[in-house]
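# Structure at a glance
The lines below spell out each chain.
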Amino acid sequence: MRIDFSFFASTWPQLTQGIMATLLVTAVAFLGALLVGYGLTILRLSGNGAVRRAGNAYVALFRVIPELGVIFWSYYCLPILLGLALSEYTCGILALTAIGAAYVSEIFRAGYNALPRGQLDAALALGLSQWQAWRLVLAPQIFRRATPALINCGIDTLKNSTLLAAIGASELAYQAYQIGNATYNYLAPFTFVALVFFLIIFPLSLLSRRREALLQSRSR
Amino acid sequence: MPSLVTDLIPGFLATYWPALLQAVIVSLKFLAWGIGFGFAAGILLAIAQLSRVKLVSAPVIALVELIRNTPLLVQLFWIHFALPAPTGIGSSPERSAAIGIALSGACYFSEILRGGIEAVPKGQRDAAAALGLSRWCMWTRIVLPQAVIDTLPMTANTVLSFFKATSILSVIAVPELMMTATRISARTGDPIGVLTTVTFIYIVIGGVLTLLLHRIEKAFAVRSTR
């Protein structure tokens, strides 16, 4: 088995385009997931029972609906329902955002619930406004505690972004498949793609584990 | 005779319910295989990961990290399209899928069980040795039962995520539920009806699975040692 570097020279533009698309899709979807997940958490912590139940149901549903199912549904059904022409990227990012939001919300809620109940009261008693109490006392603690899980959620979004290949979005896995189809060499592009994903995900995974270990040691 | 009930049931089900049923069985088969093989192999890999012999632990740790830190879709593509080149053995979608999901299952369970084994106090192993128990007895009667029971919540999560992951097998044309759904939807031209129905099927099966796993967790919670 030999490694043919001219192979990579000729397919390089396609591969770099794939890497950029994968990173962009992941970044946009994850940011979206953070925002929607934040909003969802507020709904789930609200005093209104119906709103809270709806938020919880959303999270519970995404625990069992396959990611690919959400992506297909978004790609084949949303354009019809909305009457809009949506690109495979738009549909894919919307699906990944919806999936990620459920997980992000679960992470934020766990972080909030881990806070001692008295903290908000104490902050308010000290004369801080609601917003100040949130920004200065509660939020920093929640985010610190949530960091390892949020990194893992970002990793999952990155992994799930490969599923967009199934709806023809030209992200990295899709490009490798196209290159394989065109050249009958699947080994080189897929090995390259696997390596790229590993080189991105593994350091993130180590970072998440380090932060987790740090939190554990601090909480003792 | 049209009624409210028959109106609510999508028309394609009358024609395609046998195909969908068969597809559900295929999905569940791959789930059972991935979890069953994965769990059994995961126990062995976890013990190997913890081996003091570097020659044993290092390659296993490398494999587990490699699989856990790359997307399943890329693994499946690699096994199905790339692997036949160096081995010279062609593969069917089913075989590639079986290899892919078993490998993935083994590595995820290995990591879970490794954590579980490490959480069992070291003193218990020393005590077992001091009592003259064999290594087999020490693992199967003392360490592993505790490791498995203590990690049941994580195992339940993994089972659910593998249940979802079986849908990814459709990308290499395994005729499981998601693949069948897109085929029916292409034929009937009714993606909303078909994909929504299939999502509902996933929710129902996932719900049953969740309840089942919860039952198992509860049944064993009583016997937990800590």
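Fair warning: this is a prediction, and the values are worked out from it, not measured in the lab.

Now for the overall build of chain B. Within chain B one finds 11 helices and zero strands. Put simply, chain B runs from its N terminus to its C terminus through helices and strands in the order α-α-α-α-α-α-α-α-α-α-α. Principal axes of the C-alpha set define a box for chain B whose edges measure 75 × 50 × 25 Å. Taking as baseline every contact in chain B between residues at least 6 positions apart, the subset at least 24 positions apart corresponds to 75%.

Scanning chain A from N- to C-terminus turns up nine helices and zero strands. Each helix and strand of chain A, placed in order from N terminus to C terminus, yields the pattern α-α-α-α-α-α-α-α-α. Principal axes of the C-alpha set define a box for chain A whose edges measure 70 × 45 × 25 Å. Contacts in chain A between residues far apart in sequence, at least 24 positions, make up 75% of those at least 6 positions apart.

Residue and element names in this part refer to chain B. The contact between helix 2 (residues 12–49) and helix 6 (residues 93–119) brings their axes to 6 Å, and the two run at 45 degrees. By the angle class used here, helix 2 and helix 6 are oblique. Of the two elements, helix 2 crosses helix 6, and the hand of that crossing is right-handed. Class assignment for the residues of the contact of helix 2 with helix 6 results in 18 nonpolar, seven polar and one charged.

Mapped onto the secondary structure, Leu-82 of chain A falls in helix 4 (residues 78–82). Considered as a pair, Leu-82 of chain A and Gln-175 of chain A are 93 residues apart in the sequence and their alpha carbons are 29 Å apart.

Inside soluble globular proteins, nonpolar side chains tend to come together where they are buried. Ranked by internal contacts, the top residues of the largest apolar core, which has 104 residues, are Ala-165, Ala-173 and Phe-190 of chain A together with Leu-73 of chain B. Ranked by residues supplied to this core, first place goes to helix 5 (residues 88–113) of chain A with 12 residues. Those residues in contact with Ala-173 of chain A that sit more than four places away from it in its chain are Thr-162, Ala-165 and Val-193 of chain A together with Leu-73, Val-74 and Phe-77 of chain B.

Before going further, it helps to spend a moment on the packing of helix 2 of chain B against helix 9 (residues 152–165) of chain B. Residues and elements named next belong to chain B. Contact geometry for helix 2 and helix 9: axes closest at 9 Å, N-to-C directions at 140 degrees. On the basis of their axis angle, the class for helix 2 and helix 9 is oblique. Helix 2 and helix 9 meet at a crossing whose hand is right-handed. Counting all contacts with helix 2, which are made through Leu-31, Gly-34 and Ile-35, the residues of helix 9 involved are Val-159, Phe-162 and Phe-163. Looking at side-chain class alone, the contact of helix 2 with helix 9 contains five nonpolar, one polar and no charged residues.

Quick look at helix 9 of chain B now. Here helix 9 of chain B is 14 residues long and its end C-alpha atoms lie 19 Å apart, about the 20 Å a rise of 1.5 Å per residue gives. Residues of helix 9 of chain B that are buried include every one of Thr-155, Thr-158, Val-159, Phe-162, Phe-163, Lys-164 and Ala-165 of chain B, and no others. Elements in contact with the buried residues of helix 9 of chain B: helix 3 (67–76) of chain A together with helix 2, helix 4 (72–82), helix 6 and helix 11 (191–221) of chain B.

So, on to helix 9 (residues 187–219) of chain A. Spanning 33 residues, helix 9 of chain A covers 47 Å between terminal C-alpha atoms, matching the ideal 48 Å at 1.5 Å per step. Listing the buried residues of helix 9 of chain A in full gives Ala-188, Pro-189, Phe-190, Val-193, Ala-194, Phe-197 and Ile-201 of chain A. Buried positions along helix 9 of chain A lie against helix 1 (5–44), helix 7 (130–161) and helix 8 (172–183) of chain A together with helix 4 of chain B.

Right, let's get into unusual backbone geometry. Here the phi dihedral of Tyr-184 of chain A falls at roughly 60 degrees; this positive angle occurs in a residue that is not glycine. Here Tyr-184 of chain A lies in the loop between helix 8 and helix 9. By the C-beta count within 10 Å, which is 8 here, Tyr-184 of chain A ends up exposed. Backbone geometry places Ala-173 of chain B, a non-glycine residue, at a positive phi of 65 degrees. In this structure, Ala-173 of chain B sits in the loop between helix 9 and helix 10 (177–188).

Residue and element names in this part refer to chain A. In this structure, Leu-120 sits in helix 6 (residues 118–125). A tally of 16 C-beta atoms within 10 Å means that Leu-120 is categorised as partly exposed. Taking C-alpha positions, Leu-120 is 32 Å from Ala-29, a pair spaced 91 residues apart along the chain. Once you skip the residues sitting within four places of it in the chain, Leu-120 turns out to touch Ala-133 and Leu-138.

Further remarks concern the environment of Ile-112 of chain B. All names here are of chain B. Inspection of the secondary structure puts Ile-112 in helix 6. A sequence separation of 39 residues divides Ile-112 from Thr-151, and the C-alpha atoms of the two residues are 6.9 Å apart. Apart from residues lying up to four places away in sequence, Ile-112 is in contact with Thr-151, Met-154, Thr-155 and Thr-158.

Procedures and definitions
- Residues numbered from 1 in each chain as written.
- Chains lettered and ligands numbered in written order.
- Predicted model: local features only at pLDDT ≥ 70, side-chain atom pairs only at ≥ 80, totals over all residues.
- Helix = DSSP H or I, 4+ residues; strand = E, 2+ residues; numbered from the N terminus.
- Contact = placed C-beta atoms within 7 Å.
- Axes fitted to C-alpha atoms, helices over the stretch in contact; angles between N-to-C directions.
- Parallel < 35°, antiparallel > 145°, perpendicular 65-115°, else oblique.
- Left-handed = near helix turned anticlockwise from the far one by under 90°.
- Nonpolar A, V, L, I, M, F, W, Y, C, P; charged D, E, K, R; others polar.
- Core = buried A, V, L, I, M, F, W, Y, C linked by C-beta atoms within 7 Å.
- Buried ≥ 20, exposed ≤ 12 C-beta atoms within 10 Å, placed from the backbone.
- Expected span 1.5 Å × (residues − 1).

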